[in-house]
Amino acid sequence: MKIFEPIEINDLKLKNRLVMPPMCMYQVKKKDGFVTDFHRSHYHIRAIGQVGLIIVESTGISPEGRISSEDLGIYLDEHVKGLSDIVSLAHREGSKIAIQLNHAGRKSASDDPIHYGPSPLQSSNSFPIPTELSKADIQRIVQQFKDGARRAKEAGFDGIEIHGAHGYLIHQFLSPISNQRTDEYGTDKVLFLKEVIEAIKSVFDKTLLLRVSADEFHTDGYDIHDMIRILKEVEDNLDIIHVSSGGNVRPNKEIKVEPGYQVYLSEMLRNALKKPTIAVGLLNTDEEIVNVLENEQADLVACGRELLRDSNLFLRLAKTYGREDLIPYAYKRAYR
Ligand SMILES: Cc1cc2nc3c(=O)[nH]c(=O)nc-3n(C[C@H](O)[C@H](O)[C@H](O)COP(=O)(O)O)c2cc1C
């Protein structure tokens, strides 16, 4: 059964196909971006639970780029030590671990008063009107992604996931709803992403993942066919596409949020591109999880909230499908 099979994606060797997607934990109570014991335990426990690939939560490349002030940061060299602890703990259990780098742009709810966007357009009434980024601001942010990537390398991460989804800055640039610039960043809405990828690759030579919102579900936004075109421009520089949806504006197209509702987007991208995909979104039951891979709709499967509920989800799957040999000795008696 595919979920239990190891996979090699370029230099990344995973022992199985289960992914923990990035999930902000809002546990940096000092608001300084530093890893706490909560984060060490939280990720270590999922590694003990045999997750093949862990993706650490959205981590701010600058203080104002954090989604909230309680997010992790990677904007200081001093952040590296705590992050490297998380990496070592994951590696000790044989898991691979990536980190999601993010700038929240106009959707930042951090205490920092600066809110930027490609254009001075609000995401919703919950957020202020952002300041339009100057070209110098854009170059500074590209540099911050590069510095974050250098620190991710120093911390020992096996991969970086660029957060290009859920209405944060990169998504804001990709979307005609939030990017109404008339300069080159508006005429080529992929330019900012291309610059970020190039900057990261200049200092980070391991696995590069891109998380996308594959469809905005809005009549003025991009759809999955546009996303295929966008990704064709950058896929040669990427290793894995992580397929989510929405988040930039309230959808005005009908979507049924039901088990596996985003899986067809992963399947479409996987068929249209040369890259492996991760499917995610309301995949909770054993059957839902394994079928995504059996049906060849994705190469990897991510379970977010189900892994928060059950950190031993992989052991549960191993028991259900007769692969008790994959359950670590320490926990074997619990699954007899
Ligand atoms: C508490 C929580 C925090 C999240 N934080 C992030 C995040 O930091 N970055 C991100 O790309 N998605 C984030 N997400 C979205 C998840 O990665 C995932 O795509 C979503 O929960 C759907 O998968 P699920 O139904 O398996 O939970 C978050 C979700 C939850 C529940």
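Residues numbered from 1 in each chain as written. Predicted model: local features only at pLDDT ≥ 70, side-chain atom pairs only at ≥ 80, totals over all residues. Heavy atoms only, no water.

Caption draft 1: Representation of the nonpolar core. Ranked by internal contacts, the top residues of the largest apolar core, which has 86 residues, are Ile-160, Ile-162, Phe-192 and Leu-269. Not counting residues within four places of it along the chain, the set of residues in contact with Phe-192 comprises Ile-138, Ile-141, Val-142, Phe-145, Leu-169, Ile-170, Phe-173 and Tyr-185. In this structure, Ile-9, Leu-12, Leu-209 and Ile-240 belong to the second largest nonpolar core, which totals 14 residues. (Core = buried A, V, L, I, M, F, W, Y, C linked by side-chain atoms within 4.5 Å. Buried < 20%, exposed > 50% of the residue type's maximum accessible area, 1.4 Å probe, protein only. Contact = heavy atoms within 4.5 Å.)

Caption draft 2: Region of the structure containing the site of the ligand. For the ligand, the set of nearby residues contains 15 residues, the closest of which are Pro-22, Arg-211, Leu-282, Gly-304 and Arg-305. Ser-58 is positioned with one of its backbone polar atoms (N or O) 3.2 Å from an oxygen atom of the ligand. Arg-211 places a polar side-chain atom, nitrogen or oxygen, 2.7 Å from an oxygen atom of the ligand. Relative to its unbound accessible surface of 600 Å², the ligand loses 82% to contact with the protein. Its atoms largely coinciding with the cavity grid, the ligand occupies the largest pocket. Its residues assigned to classes, the shell around the ligand shows seven nonpolar, six polar and two charged. (Near = heavy atom within 4 Å. Polar contact = N/O pair within 3.5 Å; in protein donor to acceptor, adjacent residues only side chain to side chain. Areas by Shrake-Rupley, 256 points an atom, 1.4 Å probe, with all protein chains shown as cover. 1 Å grid on protein atoms, 1.4 Å probe; cavity = no way out; pocket = protein on both sides within 12 Å on 5 of 7 lines; lining within 4 Å. Sits in = over half its atoms within 2 Å of the grid points. Nonpolar A, V, L, I, M, F, W, Y, C, P; charged D, E, K, R; others polar.)

Caption draft 3: The layout of surface pockets, seen in detail. Within this model, the largest pocket holds a volume of roughly 600 Å³. Lining the largest pocket are 32 residues, and of these Pro-22, His-166, Arg-211, Ser-244 and Arg-305 lie nearest its centre. The element best represented in the lining of the largest pocket is helix α10 (residues 305-309), accounting for three residues. (Points joined across faces, edges and corners; volume = space filled by probe spheres on them. Helix = DSSP H or I, 4+ residues; strand = E, 2+ residues; numbered from the N terminus.)

Caption draft 4: Structural detail: the pairing of strand β10 (residues 207-213). Of all seven residues that make up β10, seven are buried, and the element is covered over most of its length. Alternating positions in β10 separate into two faces, Thr-207, Leu-209, Arg-211 and Ser-213 on one and Leu-208, Leu-210 and Val-212 on the other, with burial throughout. Examined bridge by bridge, strand β9 (residues 159-164) and β10 share six bridges and lie parallel to one another. Directly across from Gly-164, in β10, lies its bridge partner Val-212. Bridge count between β10 and strand β11 (residues 240-244): five bridges; the pairing is parallel. Considered in β11, the bridge of Val-212 is made with Val-243. The β-α-β motif built from β10, the intervening helix α7 (residues 224-234) and the parallel element β11 has right-handed crossover chirality. (Pairing = 2+ DSSP bridges. Right-handed = clockwise from strand over helix to strand, strands pointing away.)

Caption draft 5: Here's a closer look at the environment of Leu-210. Residue placement: Leu-210 occurs in strand β10. Along the chain, Leu-210 and Ile-160 lie 50 residues apart, while their C-alpha atoms are 8.3 Å from each other. Excluding residues within four positions of it along the chain, Leu-210 makes contact with Ile-162, Gly-164, Leu-193, Leu-231, Leu-238, Ile-240, Ile-241 and His-242.

Caption draft 6: Examining the packing of aromatic side chains more closely. Scanning the model with the defined rule gives three aromatic pairs in all. Between Phe-173 and Tyr-185 the ring centres are 6.2 Å apart and the planes differ by 65°, which places this aromatic pair in the edge-to-face class. A residue pair is termed long-range when its members are at least 10 positions apart, and Phe-173 in helix α4 (residues 169-174) and Tyr-185 in helix α5 (residues 184-187) qualify at twelve residues. Look at Phe-173 and you get buried, because its relative accessible area is 0%. Within the aromatic cluster, the residues linked to one another by ring pairs are Phe-173, Tyr-185 and Phe-192. (Phe/Tyr/Trp six-rings, centres within 6.5 Å; stacked < 30°, edge-to-face > 60°.)

Caption draft 7: Representation of the packing of helix α9 (residues 286-294) against helix α11 (residues 313-320). Contact pair α9 / α11: the axes reach a minimum separation of 11 Å and the direction vectors enclose 85°. By the criterion of interaxial angle, the relationship of α9 to α11 is roughly perpendicular. For the pair α9 and α11, contact is made by Asp-286, Ile-289 and Val-290 and by Leu-313, Arg-316, Leu-317 and Thr-320, respectively. In the contact of α9 with α11, the residues fall into four nonpolar, one polar and two charged. (Axes fitted to C-alpha atoms, helices over the stretch in contact; angles between N-to-C directions. Parallel < 35°, antiparallel > 145°, perpendicular 65-115°, else oblique.)

Caption draft 8: Fine view of the pattern of salt bridges. For the structure on display, the rule yields 26 salt bridges. In this structure, the salt-bridge partner of Lys-153 is Asp-205, at a minimum N-O distance of 3.9 Å. Residue Lys-153 is located in helix α3 (residues 135-155), and its partner Asp-205 is located in the loop between α6 (191-201) and β10; the two are separated by 52 residues in the primary sequence. For Arg-316, the salt bridge goes to Asp-286, with nearest N and O atoms at 2.8 Å. Here the residue Arg-316 occupies a position in helix α11, and Asp-286 occupies one in helix α9, the gap between them amounting to 30 residues. In this structure Asp-286 comes out as buried when scored by relative accessible area, which is 15%. Taken together, the salt bridges that share partners define one network made up of Asp-286, Glu-306, Arg-309, Asp-310 and Arg-316. (Salt bridge = Lys/Arg side-chain N within 4 Å of Asp/Glu carboxyl O.)

Caption draft 9: Quick peek at the environment of Ile-160. On the secondary structure map, Ile-160 appears in strand β9. For Ile-160, a relative accessible area of 0% corresponds to the buried category. Not counting residues within four places of it along the chain, the set of residues in contact with Ile-160 comprises Ala-98, Ile-99, Leu-101, Ala-149, Ala-152, Ile-200, Phe-204, Thr-207, Leu-208 and Leu-209.

Honestly, it's all geometry; don't read function into it.
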